[in-house]
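The primary structure of each chain is shown beneath.
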Amino acid sequence: MTTAKWMWRWALSLLLLVVAVVAAEKPHGYHREICQYRKGKHIQPMSVYHTRLLALREQMQIRASLQGPEINGYILPSMDEHQNLEVASRDQRLRYLSGYSGVRAFAAITHHGAAIWVENRYAQQADGELECDWEIYLTGGNVTVAEWLGSHVHLDKRVGADPHLMPHALWLQWERELEERFLKLVKINNNLVDLIWGDERPDTPKGQVIKVHKRDFAGEKWQDKVRELRKRLAHLGCDAMVVTSLTEIAYLLNIRGSDIPYTPVVKSYAIVSQDDIFFYVDHNKFSLEIDYHLRTDCFNEVCVKIKEYNQIWSDIRTYAQIWKRVLVAAPCVQDLGASEAIYSSMPGKIVVWEISPIIFMRAQKNSVEQAGMRRAHVRDGAAICEAMSNMETRFNTEQWTEEKIKYEVELWRLSQKHAKGLSLRTVVAYGEHSALPYYISSNVTNIEVSDQSLLVIESGGQYLEGTTDVSRTFIFGEPTQEMKKAYTNVLAGILHLAQLKFPSDLKPSEVDALVRSMVWQDMTDYPQATGHGIGTYGSVEEPPIAVAYGQNSSFHFKEGYFFSSGECAHLYPIQFSSLNLFLYSPESGYYKRNDFGVRLKNVLEVVDTGHTHPSGAHFLAFQDVTMVPYEPKLIDSTLLSAVEKRLLNEYNAKIRNVVGDELKQLGNMRAFYWMMNKTRHIREYLPEDEYRTATAGGGGHQTHALLVALLFAVTLMASIIPVPANC
């Protein structure tokens with residue numbers, strides 16, 4: 001064989017080896033059974049989503065090249081310019097491109113591949129909605145976006161992303177991770193999805209007028225909030241602050257809107273300096289009421305100057321020449337901070353990257369807000385009682401599905417006085433779906449509900465007085481003993497959390513350890529956080545509080561804080577992954593794989609006990625705000641201590657008092673009697689014979705005799721053994 005042939009064979013072998021290594025290193029995502037036998041085929045015969053994917057790849061070559069060489073990869077988040085997780089229809093770019101209708105997702109597209117990262121709870125939904133062009137990966141799993149791009153894009157190539165949609169902290173992280181794989185992350189200011197969306201992109205809905213959040217509900221004037229913010233900015237040595245969070249703007253100016261789902265906010269920006277307040281918003285959303293409220297006709301430091309939404313970019317460049325130090329929001333728990341576009345729009349030397357002071361101002365509710373939150377939860381409790389009593393009455397005469405129950409719960413909640421919408425996507429999970437800790441119900445996953453298993457409902461509402469978030473587990477038939485034991489154990493954890501007392505200098509992560517101690521005794525744990533902050537007629541997840549022992553947080557509870565809590569345990573091993581700040585989603589429950597699940601969640605208020613710790617810190621306590629009955633059919637009272645029974649009875653008595661009055665005012669006696677039945681008093685102490693039967697299964701006499709004999713033996717030995725002189 002000639003030398004040339006040997007060289008050719010050697011090169012071919014080397015090439016095959018390289019191809020094999022690359023193929024072996026390519027990551028594999030969520031197993032998509034629907035795509036196993038239809039590679040190259042589409043779920044829809046004429047797939048519009050496949051066409052859009054091809055159009056995006058074309059834009060990666062053509063339009064992006066106007067700003068430099070073509071890009072070989074493109075990252076697309078499901079968020080909008082303000083890093084909201086739920087977005088308006090015109091900002092649902094990922095849904096338009098792929099068909100995926102969930103939230104908390106990121107997509108990566110190359111010339112020959114497409115992948116999406118979703119939370120575990122959305123995986124089943126994504127599998128049903130996405131074409132087989134898409135690979136599915138789990139957030140926090142073994143494959144990151146950077147790793148996937150590194151295996152699909154050649155070295156020294158460019159990966160593009162829209163900096164308006166990316167938090168600055170996440171941009172830095174991905175820039176570093178891609179650089180480690182010899183790839184460069186570049187800014188593509190013209191969003192490629194918007195270019196292919198074109199005229200089909202929905203317009204901003206007409207008639208979405210900004211509403212004034214009256215002082216009767218807000219508790220203080222917006223001018224006082226601005227003065228407090230300016231004091232805090234001066235303390236930080238800042239001349240101004242660029243406010244990008246919609247919930248912070250809504251709080252600061254005492255306004256509300258309906259621009260995004262589940263959170264009553266207005267799509268806008270704000271700049272607050274020591275002398276000016278600029279409000280960047282669509283002028284069509286204004287009314288005479290808002291003009292008067294914000295004092296737009298004057299020109300002093302407590303008058304708001306209204307500008308068009310997109311004018312902020314030119315104003316930042318102008319004022320950046322005057323400002324010496326300007327605060328740009330850094331991430332804080334659920335809040336993702338300002339976008340890369342905002343951060344990079346001004347010289348880095350003048351940027352102060354700090355957590356927004358508004359977060360801490362908003363977290364500690366004033367007395368009016370505290371009373372409002374309690375009132376909102378009474379109305380919400382009445383709504384759940386009305387919905388469930390109505391369903392139980394009709395259960396045996398109609399066919400029920402998860403989606404039908406979801407509609408029923410939402411209908412009754414929205415019919416309450418001062419109800420303004422939902423605070424989160426309603427989750428209805430039945431049977432084996434309830435055993436999925438991250439399940440989200442949808443038309444794709446909808447199943448029939450019967451009386452054979454447990455039904456989990458997680459929901460919440462927005463009221464003028466406050467925001468609610470509650471999870472309850474129900475059963476329409478008779479539970480098994482295993483179900484009752486699981487439910488009772490979770491309930492015991494909730495009851496203990498509600499009566500917890502602790503010094504004010506204790507970190508939330510340390511509070512979490514106290515709560516988890518009961519679970520850790522069984523050598524198990526749960527991956528979700530125990531709780532998170534909640535707003536008043538605002539966001540259902542609000543920083544700075546996150547009750548999660550894995551988070552290194554320096555924040556502390558204060559009187560007037562509200563947070564949503566849950567207790568959970570698992571029957572199967574859990575693989576923990578690194579906590580991603582931008583995908584924080586606390587849940588609660590007890591989950592038995594492929595069988596049933598239990599989920600309970602309450603909103604708690606932090607109150608001052610009036611007592612002082614030896615260190616000087618105040619003792620704080622939690623107080624239940626949620627007023628929704630537990631399911632008595634699922635409670636095994638023999639598994640509860642006398643203290644736990646007393647706590648449950650006190651909680652039920654409070655519901656009978658406040659929710660009972662509300663239901664009687666509404667004239668809904670069916671719901672009233674349903675509530676009274678669910679909150680009936682349980683005996684805190686059992687008679688001796690019942691207690692022995694319950695705890696020893698009828699063998700109480702033998703156990704008692706054994707204990708007496710043991711006590712006698714110990715007493716006898718103590719009288720025989722001499723006591724040492726030094727005792």
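Before any of the text, the structure's been laid out above.
About the criteria used
Residues numbered from 1 in each chain as written. Predicted model: local features only at pLDDT ≥ 70, side-chain atom pairs only at ≥ 80, totals over all residues. Heavy atoms only, no water. Phe/Tyr/Trp six-rings, centres within 6.5 Å; stacked < 30°, edge-to-face > 60°. Helix = DSSP H or I, 4+ residues; strand = E, 2+ residues; numbered from the N terminus. Buried < 20%, exposed > 50% of the residue type's maximum accessible area, 1.4 Å probe, protein only. Disulfide = S-S within 2.5 Å. Salt bridge = Lys/Arg side-chain N within 4 Å of Asp/Glu carboxyl O.

A.B. asks: Teacher, can you tell me more about the packing of aromatic side chains here?
C.D. replies: Remark: the centre distance and the inter-plane angle together describe each pair of aromatic rings, the angle taken between the planes. Going through the model one piece at a time under the given rule, you end up with 21 aromatic pairs. When the ring of Y269 is compared with that of W313, the centres are 6.0 Å apart and the planes differ by 75 degrees; the resulting orientation is edge-to-face. One end of the pair, Y269, is in strand β10 (residues 269-273); the other, W313, is in helix α12 (residues 312-319), with 44 residues separating them in the sequence. W313 matches Y269 in its accessibility class, with the two residues each being buried. Arranged with centres 5.2 Å apart and planes meeting at 40 degrees, the rings of Y630 and Y651 form a pair that is tilted. Within this pair, whereas Y630 is found in the loop between β30 (618-624) and α19 (642-666), its partner Y651 is found in helix α19, the two being separated by 21 residues in sequence. As far as burial versus exposure is concerned, Y630 and Y651 are alike and both buried.

A.B. asks: What exactly am I supposed to notice about the state of the cysteines here?
C.D. replies: Chemically, a disulfide is nothing more than a covalent bond linking the sulfur atoms of two cysteines. Counted according to the given criterion, the structure contains 2 disulfides. Linked covalently through their sulfurs, C298 and C303 form a disulfide whose S-S length is 1.5 Å. When the S-S torsion is -105 degrees, as for the bridge of C298 with C303, the disulfide is left-handed. Take C298 and C303: they sit in the same class, and that class is buried. For the protein chain, the bonded cysteines connect in the pattern 1-2, 3-4 when numbered consecutively along the sequence.

A.B. asks: So what exactly am I meant to see when it comes to the pattern of salt bridges here?
C.D. replies: Any two side chains of opposite charge can pair, on the condition that their charged atoms come close. Enumeration according to the criterion identifies 37 salt bridges in this entry. For R93, the salt bridge is made with E81, and the minimal N-O distance between the two is 3.6 Å. Residue R93 is found in helix α3 (residues 93-98), and its partner E81 is found in the loop between β1 (73-77) and α3; the two are separated by 12 residues along the sequence. No difference in accessibility class separates R93 from E81, as the two residues are buried. Notably, a salt bridge pairs E392 with K678, separated by 3.4 Å at the nearest N-O pair. Placement of E392 in helix α15 (residues 367-394) and of K678 in helix α20 (residues 669-678) is noted, with a sequence separation of 286 residues between them. E392 gets classed as partly exposed once you look at its relative accessible area, which sits at 28%. What emerges from the salt-bridge pattern is a single network uniting E81, D91, R93, D194, R201 and K267.

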